[in-house]
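Summary of structural features
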Number of protein chains: 2
Amino acid sequence: MINEQMYARGAESSVIREIFSYANERKAQIGTENVFDFSLGNPSVPAPDEVRRSIERSLTLPPEQVHGYTPAPGAPEVRSAVAASLNRRFNTSYTMADIFMTVGAAASVCCTLNAVACPGDEVIVIAPYFPEYRVWIEMAGATCVEVLANQETFQIDPAAVAAAITERTAAVIIDSPNNPTGAVYSRANIEALAAVLEDANAARAQRLGHPQPIVLISDEPYREITYGAEVPWVPSLYEHTVVCYSYSKSLSLPGERVGWVLVPQVSEGARRVMTAVAGAARSLGFVCAPALFQRVVMDCVDVPSDVAAYARNRELLTSALSKMGYTYVEPDGAFYLWVRALEPDAEAFCEKAKAYELLPVPSNSFGVEGWVRVGYCVAPEVIERSLPAWQRLADDYGVTQA
Amino acid sequence: MINEQMYARGAESSVIREIFSYANERKAQIGTENVFDFSLGNPSVPAPDEVRRSIERSLTLPPEQVHGYTPAPGAPEVRSAVAASLNRRFNTSYTMADIFMTVGAAASVCCTLNAVACPGDEVIVIAPYFPEYRVWIEMAGATCVEVLANQETFQIDPAAVAAAITERTAAVIIDSPNNPTGAVYSRANIEALAAVLEDANAARAQRLGHPQPIVLISDEPYREITYGAEVPWVPSLYEHTVVCYSYSKSLSLPGERVGWVLVPQVSEGARRVMTAVAGAARSLGFVCAPALFQRVVMDCVDVPSDVAAYARNRELLTSALSKMGYTYVEPDGAFYLWVRALEPDAEAFCEKAKAYELLPVPSNSFGVEGWVRVGYCVAPEVIERSLPAWQRLADDYGVTQA
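In this text, all values refer to a predicted model and were calculated from it rather than measured experimentally. (Residues numbered from 1 in each chain as written. Chains lettered and ligands numbered in written order. Predicted model: local features only at pLDDT ≥ 70, side-chain atom pairs only at ≥ 80, totals over all residues. Heavy atoms only, no water.)

Concerning the overall build of chain A
- Looking only at helices and strands, one finds 14 helices and 12 strands in chain A.
- Within chain A, buried positions represent 60% of all 402 residues.
- Measuring between centres, the 31 positive side-chain charges of chain A sit 4 Å from its 47 negative side-chain charges. (Helix = DSSP H or I, 4+ residues; strand = E, 2+ residues; numbered from the N terminus. Buried < 20%, exposed > 50% of the residue type's maximum accessible area, 1.4 Å probe, protein only. Lys, Arg positive; Asp, Glu negative; His and termini not counted. Charge placed at Lys NZ, Arg CZ, Asp CG, Glu CD.)

Right, here's the structure in full:
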């Protein structure tokens, strides 16, 4: 017996993983230094020293105190520390009741989707979008509805969202700083989205006689990875926001799987959503977030992310590519550069780039045509050594230098 | 918007958690030493020192090497270490291809259920059973079919399983050493179950023209917690076995969430099941098992579990209760004693026990009537101090001493 849907999910090749595998093969053939792998989103900055010190401190405690089950929503002192940190940063008044610790961002989004969407519902994503959103939305029995971002700025297009909302819209997922574009949604942009959602909620309340607000899922694994732009605090702009967070990028702990869901407990409806998040976590097989790393979160909740290396890479890459005549979206956050392919077919462009050992990810993986994602969470030498290859690729297409 | 099924899962009270909360309240009222909380299954033996040493060793490595993403099925060297350890113990010839590292036993079972069951299928559990099985089976869209164990020995009743099998039976879950009874299924018992499943598979192959074997899910978090009884290696007795394992009890790491699924890659069908396990893990939001604790598993895979403390508690409790005239199932494994309630209604019995500050769990939580689960993963003083209370409770019911 087999579940064919699960089999297909396991068998379908991830384009990103395929490029990564190809890169490793190619490195073995022609030398690591001659292959320019820009496919991954694995932080190249090591975890800060505070992480090691936190773990060492925990190792001096009785093991059963460190490695035992925590309550399903997380250790109370950890949830309180997270709430207090948010309050310092965003002038809010959260308590531990607003926080549910999770096994990383994927778990945060999966628990939230299963909590707020029912089979047959629709969930809107802003294309280009992180491809796993579709997998998780469909696992919750809902339909993934793609709404194009503004294809120049890659900000949300509120009118397009408005046009896509139906009676079955349960949630909208946004992801800012954005993977794959590096765009950070401006305050005005999120306010415009909030207005669209409020209007839809009001219309729905009038038709159905009771409010069934659309939930805004703000997936924020890249919140701390920014280069000066403001990343607005979404719950302060739209009441029915659930924030999904992870320490994978901010503390460079992607393998340790720890994050949280925030559901501000401002109404009976919000309290019901939090209960459903807990029910989803239980039903999906998440017993608690890893205990030792919950303590790491408590100890490191205010440790700033080290974005200096990413900022240097960003500068190196953007200044060189712009001189060569490439166009790209100004990357305000995350560690991805969204570069316009030099022909309409991004996959064909990537094939051509391969001849120069350049390995970005074609935009088709993210639901749009004509762009590539260049992950610059790499050693700076990779970028430096790749520049002649980018130049030859541009020459090949006859691009005029800027 | 809310998913009412998830809300209900989050809102429904766990009897075990309620008893635990009551115990804590009561301890605050009358003193910790006067309350005898036997409700939990949290290991009282601390994690072995090798765990600490493994973590310390990892902390000397570059952080990105320790805390980075591993491949979804786990780090190759970890999977190989697990396979090699099984081969030494069970005379098998597994490789890393047979092992998928998971976020603990709950994740192991959820990934397996979603891989092998389809909506509308049935999954058989042996009652009494771990109550989360029902939650996870229903999350996979399947129906939980309870089959009573032999109510004297609490071994599997193969004829009862045979009678419960239908065209829609996708899997049978067994759990030995058993939570809640402490029974260990004998080799003969599992062989008899295997024969029933083989017969059903043969009949099904004949009717449907193609084999759709029933999967035997062997959930083994308590494998190492035994007192001399053999725990047979199930895949050597039934080909279509998937083993779900966790280090929560064997290494006393319940909060760290690390385990594995073993699908022996003996056939094309088995390879498809493993692919579906990977697809389920992806779909449920499990990106990889926690990376640091994957390394702990690699380093500690052959560290013996410290069962001496549990063995002493078991001896202390069983010798005293048997003298008082209580009857119970001989506990061959795990750290639970399955005691016959002194009246048919286990909940009423537990209410009476409460008057003596004795807090076991009524068997109704596990799908059967008339018993209680006494978790003896507690400090030995708790057992010693509780004995006069057990005596008074027996006296209350007029039980004749043995």
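Things to note about the pairing of strand 5 (residues 169-175) of chain A
Residues and elements named next belong to chain A.
- For strand 5, the tally of buried residues reaches 7 of 7 residues, placing the bulk of the element in the interior.
- Inspection of the sheet shows strand 5 paired to strand 6 (residues 215-219) by 5 bridges, in the parallel sense. Each bridged residue has a counterpart across the sheet, and for Asp175 the counterpart in strand 6 is Asp219.
- You can see the chain leave strand 5, run along helix 9 (residues 187-208) and come back into strand 6, and the turn it takes is right-handed. (Pairing = 2+ DSSP bridges. Right-handed = clockwise from strand over helix to strand, strands pointing away.)

So, the packing of helix 1 (residues 4-11) of chain A against helix 7 (residues 132-139) of chain A
Residue and element names in this part refer to chain A.
- Two numbers describe how helix 1 lies on helix 7: the axes approach to 12 Å, and their chain directions differ by 170°. As judged from the angle between their axes, helix 1 and helix 7 are roughly antiparallel. Between helix 1 and helix 7, the contacting residues are Gln5, Met6 and Arg9 on the first element and Arg134, Val135, Glu138 and Met139 on the second.
- In terms of residue class, the contact of helix 1 with helix 7 is built from 3 nonpolar, 1 polar and 3 charged. (Axes fitted to C-alpha atoms, helices over the stretch in contact; angles between N-to-C directions. Parallel < 35°, antiparallel > 145°, perpendicular 65-115°, else oblique. Contact = heavy atoms within 4.5 Å. Nonpolar A, V, L, I, M, F, W, Y, C, P; charged D, E, K, R; others polar.)

Quick look at the relation of the copies chain B and chain A
- The two copies are related by a screw operation: chain B maps onto chain A through 180° of rotation and 0.0 Å of translation along the axis, at an RMSD of 0.0 Å. Look at the turn and shift together and you get a two-fold axis relating the two. The position closest to the rotation axis in chain B is occupied by the C-alpha of Leu284(B), lying 3.1 Å away.
- Comparing contact sets, 100% of the residues at the interface of chain B also lie at the interface in chain A, consistent with an isologous, same-surface contact. (Least-squares fit on C-alpha atoms with pLDDT ≥ 70 in both.)

So, the interface of chain B and chain A
- Contacts between the two partners involve 72 residues from chain B and, on the opposite side, 72 residues from chain A.
- Of the roughly 5,800 Å² buried between chain B and chain A on both sides combined, carbon and sulfur atoms contribute 60%.
- Seen at the junction of chain B and chain A, the total is 6 salt bridges.
- Among the ionic pairs, Glu4(A) bridges to Arg272(B), the shortest N-O distance being 2.8 Å.
- Counting every contact that joins chain B to chain A gives 28 residue pairs in polar contact (both at pLDDT 80 or more).
- Elements that contribute at least two residues to the side of chain B that touches chain A include exactly helix 1 (4-11), helix 3 (49-58), helix 4 (63-67), helix 6 (104-116), helix 7 (132-139), strand 5 (169-175), helix 10 (268-284) and helix 11 (291-300) of chain B. (Buried area = accessible area lost by both parts, 1.4 Å probe. Salt bridge = Lys/Arg side-chain N within 4 Å of Asp/Glu carboxyl O. Polar contact = N/O pair within 3.5 Å; in protein donor to acceptor, adjacent residues only side chain to side chain.)

Quick notes on the sheet that holds strand 9 (residues 336-340) of chain B
All names here are of chain B.
- Strands sit in the order 9-12-11 across an open sheet of 3 strands; the sheet is antiparallel. Both outer strands of the open sheet, strand 9 and strand 11 (361-362), are each paired with one neighbouring strand and no more.
- As judged from the 5 bridges shared by strand 9 and strand 12 (residues 371-375), these two strands associate in the antiparallel manner. Its bridge partner lying in strand 12, Leu337 is registered against Val374.

Observations concerning the sheet that holds strand 8 (residues 259-262) of chain A
Residues and elements named next belong to chain A.
- Reading across the sheet, the 7 strands line up as 2-8-7-6-5-3-4 and stay open at both edges, with mixed pairing between neighbours. This sheet does not close on itself; its edge strands, each paired only once, are strand 2 (99-102) and strand 4 (143-148). Looking at each pair of strands side by side, their axes are set apart by 20° on average, direction ignored.
- Where strand 7 (residues 241-246) meets strand 8, 4 bridges bridge the pair, whose relative direction is antiparallel. Residue Val243 lies in a different strand from strand 8, and its bridge partner there is Leu262.
- The sheet strands contacting helix 6 (residues 104-116) are strand 2, strand 3 (122-127), strand 5, strand 6, strand 7 and strand 8, and the helix crosses strand 7 at an angle near 155°.
- Sheet strands in contact with helix 7 are strand 3, strand 4, strand 5 and strand 6, and its direction is about 145° off that of strand 4.

A look at the side chain of Glu256(A)
- Its place among the elements puts Glu256(A) in the loop between strand 7 and strand 8.
- Despite its burial, Glu256(A) pairs with no opposite charge; the closest candidate is Arg295(B), at 8.2 Å N-O.
- Looking at Glu256(A), its side chain comes within polar contact range of the main-chain nitrogen of Leu292(B), at 3.1 Å.
- With sequence-adjacent residues up to four places away left out, Glu256(A) is seen in contact with Pro290(A), Phe293(A), Val66(B), His67(B), Pro290(B), Ala291(B) and Leu292(B).

Examining the environment of Ala164(B)
Residues and elements named next belong to chain B.
- For Ala164, the position within the fold is in helix 8 (residues 158-164).
- Overall, Ala164 belongs to the buried group, its relative accessible area being 17%.
- Separated by 41 residues in sequence, Ala164 and Val123 place their C-alpha atoms 9.9 Å apart.
- The contact partners of Ala164, leaving out residues within four places of it in the chain, are Glu122, Ile124, Val145, Val147 and Thr169.

What to know about the packing of helix 12 (residues 308-324) of chain A against helix 14 (residues 380-396) of chain A
All names here are of chain A.
- Orientation of helix 12 relative to helix 14, taken along the N-to-C sense of each, is 10°, at an axis distance of 10 Å. Compared by their axis directions, helix 12 and helix 14 come out roughly parallel. As for how helix 12 packs across helix 14, the hand of that crossing is right-handed. Facing helix 12, whose interface residues are Asn313, Leu316, Leu317, Ala320, Leu321 and Met324, helix 14 presents Pro380, Ile383, Glu384, Leu387, Trp390, Gln391 and Ala394.
- Residues that form the contact of helix 12 with helix 14 fall into these classes: 10 nonpolar, 2 polar and 1 charged. (Left-handed = near helix turned anticlockwise from the far one by under 90°.)

Details of the packing of aromatic side chains
- Considering all chains together, one arrives at 37 aromatic pairs over all chains under this definition.
- Between Phe349(B) and Tyr397(B), the ring centres sit 5.6 Å apart and the planes meet at 50°, which makes this aromatic pair tilted. On the criterion of sequence distance, the pair formed by Phe349(B) in helix 13 (residues 346-354) and Tyr397(B) in the segment after helix 14 (380-396) is long-range, its members being 48 residues apart.
- You can call Phe349(B) buried: its relative accessible area is 0%.
- An aromatic cluster is built from Phe154(A), Trp338(A), Phe366(A) and Trp371(A), whose rings are joined through pairwise contacts.
- We note Arg272(A) situated over the ring of Tyr7(B); from NZ or CZ to the ring centre the distance is 4.2 Å.
- In this structure, Lys352(A) is placed above the aromatic ring of Tyr397(A), and the distance from its NZ or CZ to the ring centre is 4.5 Å. (Phe/Tyr/Trp six-rings, centres within 6.5 Å; stacked < 30°, edge-to-face > 60°. Lys NZ or Arg CZ within 6 Å of the ring centre and 35° of its normal.)

Focus on the pattern of salt bridges
- A complete count under the given rule lists 44 salt bridges over all chains for this structure.
- Asp49(B) serves as the salt-bridge partner of Arg52(B), at 2.9 Å between the closest nitrogen and oxygen. With Arg52(B) and Asp49(B) both in helix 3 and 3 residues apart, the pair spans about one turn of that helix.
- Take Asp49(B): its relative accessible area is 37%, and that puts it in the partly exposed class.
- With a shortest N-O distance of 2.7 Å, Glu224(B) and Arg89(B) are connected by a salt bridge. Within this pair, whereas Glu224(B) is found in the loop between strand 6 (215-219) and strand 7 (241-246), its partner Arg89(B) is found in helix 5 (residues 76-90), the two being separated by 135 residues in sequence.
- Its relative accessible area of 16% is what places Glu224(B) among the buried residues.
- Taken together, the shared-partner salt bridges connect Arg9(A), Glu12(A), Glu132(A), Arg134(A), Glu138(A), Glu146(A) and Arg282(B) into one network.

Observations regarding unusual backbone geometry
- Ala127(A) connects to Pro128(A) through a cis peptide bond whose omega is 0°.
- Mapping Pro128(A) onto the fold places it in the loop between strand 3 and helix 7.
- Residue Pro177(B) is reached from Ser176(B) by a cis peptide bond, and omega for that bond is -5°.
- The residue Pro177(B) is located in the loop between strand 5 and helix 9 (187-208) in this model.
- Positive phi outside glycine occurs at Phe154(A), with the angle close to 60°.
- For Phe154(A), the location among the structural elements is in the loop between strand 4 and helix 8 (158-164).

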